[in-house]
Amino acid sequence: MAFDTLGLSEKVLAAVEAAGYKEPTAIQSGAIPQVLERRDVLGIAQTGTGKTASFTLPMLTLLEKGRARARMPRTLILEPTRELAAQVEENFEKYGTNHKLNVALLIGGVSFSEQDKKLDRGTDVLIATPGRLLDHFERGKLLLQGVEILVIDEADRMLDMGFIPDIERICKLIPFTRQTLFFSATMPPEIQRLTETFLQNPARIEVAPTSSTADNVAQFLKASPSKDYEKRAALRELLEGAEDLKNAIVFCNRKRDVSTLFRSLERHEYNVGTLHGDMDQRTRMMMLDNFRKGNIKLLVASDVAARGLDIPEVSHVFNYDVPINAEDYVHRIGRTGRAGRSGIAYTLVTPEDQKYLEAIQVLINKTIDWLGEEIDFEEAARERKARRKSGRSSKAGSSSNDNETDTAKSSGRRRGGKAKPEPVESLEEISDDAIPSTVAKMPQKPAGRKSKTDKLEPAFAPGVHIPAFLLREPRPKKAS
Ligand code: AMP
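None of the values given here were measured: they were computed from a predicted structure.

1. Observations regarding the overall build of the chain
In terms of regular secondary structure, the chain is built from 18 helices and 14 strands. Within the chain, contacts between residues at least 6 apart in sequence are counted, and of these 74% link residues at least 24 apart. Accessible surface, the chain as shown: approximately 23,700 Å² in total, 50% of it carbon and sulfur.

Put into structure tokens, the structure is as follows:
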């Protein structure tokens, strides 16, 4: 099928040609004619399938008729994150080069006054995150009665981020006669309910079965120990062994692990950047831009960064942690193998990850291959149980549980001063981050009781100041 059979305007077709696209992707050929017919659309599509153009191209065509009025946007696109909103704006710039449309972006972390000015000029396309949109609405700077097309993008991500009440509120503020385009990669029951409430007789376009993973992504599991420094070493081993690694996103479950891992990789002289929800908008954009341009090779990211990032040529994805929500796995690995390219996704699996891994394999309806030795989860669970039992009987005071992955717990931090430190492989690793400096300076094996004739070995790492009295030979006790 060719683009010029879909009903798009000449201006849009010229931009598509300039973008170098030869033919529409499945979601594009399914959705574009329906949008142009002014039907509601329910698009079930993974990231990387060309979903963004499936709504921007027909919207541009429809917007060629009519004009925007001050503070009354003609179309509204809701995105769960600032990055996604900014990417949609870039898409409008790219495909709308032959149009003179006003596009405004309402996202957090940017001053209200600039955004107000844009709204006052009249907006054809308003791209917003739900919270910032409602802020503007409540300040009386925005009227939503003029919205003709509403796009709700990445709805399942909105659900994960707790935006559904905001979305429901926004939907009620927009005329019922609007056209609604609704996109989600997965259809959990809450999303299903939303579509039944807010879409009218939608054309349903599903380009891949719900929660299936892209076929062109080769997926592998790699067994890893649970301890943080060992896990980081396992990741480095994977990075070193990965063939044709051009650039990669490394996903962590927790923000603090994003920072820890980033610092660790930096110390190991990788060309690395980081992206997570706590960074300010400017830094995030700069980071993404550098990654896109190839100035940064590895991007350590949290799941906020997982959805929809338009980074065309990510060759690899590494899951430093098995995601706790199985659907995040689909989204994470969707960062590679985009638009027909092939990609590779590796997942580090610890003995505590069994239930998360099983949920993923059920969701994607596929058993992922292990690279190297597979984890015997039953055996690992038995060992943990035995360790706990012996820990209890020796009153070691450790409170670990089966699914414990907490950095502080697994590094011995919670055990207090009396506990033995975990054995350490190298001081370089232990100084990495996770273990407090007092513990980090301990010797690998706790010094046992010395016999009178033993020389005292300093129980400190090289370079650490040791009080002189500790290095003195003990005076032999006088015989009484
Ligand atoms: P998306 O799913 O919207 O994030 O798009 C994924 C990538 O596919 C982006 O880099 C787009 O530029 C690219 N793309 C979109 N449509 C096409 C097409 N028809 N042919 C080739 N690449 C495309």
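2. Quick look at the packing of aromatic side chains
The tally for this structure, following the rule as stated, stands at 5 aromatic pairs. Geometrically, the ring pair formed by F318 and Y346 is stacked, given 5.3 Å between the ring centres and 20° between the ring planes. You can see F318 sitting in strand 12 (residues 316-319) and its partner Y346 sitting in strand 13 (residues 343-349), a full 28 residues away along the chain. Y346 matches F318 in its accessibility class, with the two residues each being buried. Following the ring pairs from residue to residue traces out a cluster consisting of F220, F318 and Y346. The cationic tip of R132 hangs over the ring face of F112; the distance from NZ or CZ to the ring centre is 3.9 Å. In this structure, K231 is placed above the aromatic ring of Y320, and the distance from its NZ or CZ to the ring centre is 4.7 Å.

3. Looking at the sheet that holds strand 3 (residues 103-106)
Read across the open sheet, the 7 strands follow the order 3-4-2-5-6-1-7; overall the sheet is parallel. Lying at the two open borders of the sheet, with one neighbouring strand each, are strand 3 and strand 7 (203-206). Strand-to-strand twist in this sheet, taken as the mean axis angle between neighbours without regard to direction, amounts to 15°. Where strand 5 (residues 149-152) and strand 6 (residues 179-184) come together, 4 bridges link them in parallel fashion. Following the sheet pairing, I152 is matched in strand 6 by F182.

4. Examining the environment of M285
Mapped onto the elements, M285 comes out in helix 12 (residues 281-293). Take M285: its relative accessible area is 27%, and that puts it in the partly exposed class. Between the alpha carbons of M285 and E83 there is a distance of 7.5 Å; along the sequence they are 202 residues apart. Setting aside anything within four residues of it in sequence, one finds M285 in contact with R82, E83 and A86.

5. Focus on the pattern of salt bridges
Following the criterion strictly, the structure yields 18 salt bridges and no others. The salt bridge involving R193 is made with E168; its shortest N-O contact spans 3.2 Å. Linking R193 in helix 9 (residues 189-198) with E168 in helix 8 (residues 164-173), this pair joins segments that are 25 residues apart in sequence. The shortest N-O distance in the salt bridge between D257 and R256 comes to 3.8 Å. With a relative accessible area of 6%, D257 lands in the buried category. The partly exposed category is assigned to R256, whose relative accessible area is 41%.

6. Here's the deal with helix 5 (residues 112-121)
Along helix 5, the positions that sit buried rather than exposed are Q115, D116 and L119. Viewed along the axis of helix 5, the buried residues span an arc of 105°, placing them on a single side of the element. On its buried face, helix 5 sits against strand 3, strand 4 (125-128) and helix 6 (130-138).

7. Considerations on the side chain of T195
Following the sequence through the fold, T195 ends up in helix 9. One polar contact links the side chain of T195 to the main-chain carbonyl oxygen of Q192, over a distance of 2.6 Å.

8. Observations regarding the UniProt feature "short sequence motif: Q motif" (unreviewed entry) in the chain
The UniProt entry lists residues 1-29 under the feature "short sequence motif: Q motif" (unreviewed entry), expressed in the numbering used here. Annotation note: span residues 1-29, helix share 48%, strand share 0%, distance between end C-alpha atoms 8 Å.

9. A look at the environment of T260
Tracing the chain through its elements places T260 in helix 11 (residues 255-267). A polar contact is formed between the side chain of T260 and the backbone oxygen of R256, at a distance of 2.8 Å.

10. Brief notes about the sheet that holds strand 10 (residues 272-275)
Taken in spatial order, the 7 strands of this open sheet run 10-11-9-12-13-8-14, and their pairing is parallel. What marks the edges here is a single partner per strand, and that holds for strand 10 and strand 14 (369-370). Sheet topology note: the strand 9 (residues 248-251)/strand 12 ladder contains 4 bridges and is parallel. Bridging across to strand 12, I249 finds its partner in V317. Contacting strand 9, strand 10 and strand 11 (298-301), helix 11 crosses the sheet at an angle of about 170° to strand 10. Where helix 13 (residues 326-333) meets the sheet, it contacts strand 8 (217-223), strand 9, strand 12 and strand 13, and its direction lies at approximately 155° from that of strand 12.

Cut-off values and rules
Residues numbered from 1 in each chain as written. Predicted model: local features only at pLDDT ≥ 70, side-chain atom pairs only at ≥ 80, totals over all residues. Heavy atoms only, no water. Helix = DSSP H or I, 4+ residues; strand = E, 2+ residues; numbered from the N terminus. Contact = heavy atoms within 4.5 Å. Areas by Shrake-Rupley, 256 points an atom, 1.4 Å probe, with all protein chains shown as cover. Phe/Tyr/Trp six-rings, centres within 6.5 Å; stacked < 30°, edge-to-face > 60°. Buried < 20%, exposed > 50% of the residue type's maximum accessible area, 1.4 Å probe, protein only. Lys NZ or Arg CZ within 6 Å of the ring centre and 35° of its normal. Pairing = 2+ DSSP bridges. Axes fitted to C-alpha atoms, helices over the stretch in contact; angles between N-to-C directions. Salt bridge = Lys/Arg side-chain N within 4 Å of Asp/Glu carboxyl O. Arc of directions from axis to C-beta. Polar contact = N/O pair within 3.5 Å; in protein donor to acceptor, adjacent residues only side chain to side chain. UniProt positions renumbered as here; feature names shortened; annotations may be inferred.

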